[in-house]
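Examining the three-dimensional arrangement
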Amino acid sequence: ALYTPHGRINIRNAKYREDFSPICPDCDCELCKNYSAAYLHHLFKVDEITAKVLASIHNEHFVVQTTDRIRQSILDDNFDEYMNDFMKNYYA
């Protein structure tokens, strides 16, 4: 599974077989900058260890970025607004 601002995705789903866009276009991790969803789908289908490494890089980047945004929203005194927006997008 991969985490994005728009929810959790299962890259093994057939819809990613021919999706040559990045997993998350706004993400600047190594996976999203250099590889397509179709390539990652293929790597998972053939059980290549690189798939797990790339997915881990992306997910760790997502968690760190989300934590940084939460921290900043607390400092800016708008945590409730941030969390409402995050939850609305993540579970939409």
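So, here is what we can say about the structure in this document. (Residues numbered from 1 in each chain as written. Predicted model: local features only at pLDDT ≥ 70, side-chain atom pairs only at ≥ 80, totals over all residues. Heavy atoms only, no water.)

Grouped together as the largest cluster of nonpolar side chains are 17 residues, with contacts concentrated most on Leu 2, Ile 11, Ile 23, Leu 31, Cys 32, Leu 40 and Phe 44. Residue assignment for this core shows that the elements contributing at least two residues are α1 (30–34), α2 (37–45) and α3 (49–75). Tallying contributions element by element places α2 first for this core, with 4 residues. Ignoring any residue separated from it by four or fewer positions in sequence, one finds Ile 23 in contact with Leu 2, Thr 4, Ile 9, Ile 11, Leu 31, Cys 32, Ala 37, Leu 40 and His 58. (Core = buried A, V, L, I, M, F, W, Y, C linked by side-chain atoms within 4.5 Å. Buried < 20%, exposed > 50% of the residue type's maximum accessible area, 1.4 Å probe, protein only. Helix = DSSP H or I, 4+ residues; strand = E, 2+ residues; numbered from the N terminus. Contact = heavy atoms within 4.5 Å.)

With respect to the helices, strands and loops of the structure, His 42 is situated in helix α2. Given the relative accessible area of 41%, His 42 is considered partly exposed. Between the alpha carbons of His 42 and Arg 12 there is a distance of 8.2 Å; along the sequence they are 30 residues apart.

With that settled, the discussion passes to the packing of aromatic side chains. Aromatic ring pairs are reported here in terms of the distance separating the ring centres and the angle at which the planes meet. Enumeration over the complete set of coordinates arrives at 6 aromatic pairs. Pairing Tyr 82 with Phe 86 gives two aromatic rings, centres 6.2 Å apart and planes at 25°, and the pair type is stacked. Of this pair, Tyr 82 and Phe 86 both sit in helix α4 (residues 79–90), 4 residues apart, roughly one helical turn. An identical accessibility class is assigned to Tyr 82 and Phe 86; each is buried. Look at Tyr 90 and Tyr 91: their rings are 5.0 Å apart centre to centre, the planes differ by 80°, and that puts the pair in the edge-to-face class. The class for Tyr 91 is exposed, based on a relative accessible area of 60%. Here the aromatic residues Tyr 3, Phe 62, Tyr 82, Phe 86, Tyr 90 and Tyr 91 are joined through ring pairs into a cluster of three or more. (Phe/Tyr/Trp six-rings, centres within 6.5 Å; stacked < 30°, edge-to-face > 60°.)

This part covers the state of the cysteines. According to the stated counting rule, one finds 0 disulfides in the structure shown. Its sulfur unpaired, Cys 24 is 5.4 Å from the next cysteine sulfur, which belongs to Cys 27. Judged by relative accessible area, which is 7%, Cys 24 ranks as buried. Lacking any disulfide linkage, Cys 32 is separated from the closest cysteine sulfur, that of Cys 29, by 3.8 Å. On the basis of relative accessible area, Cys 32 is assigned to the buried category, the value being 7%. (Disulfide = S-S within 2.5 Å.)

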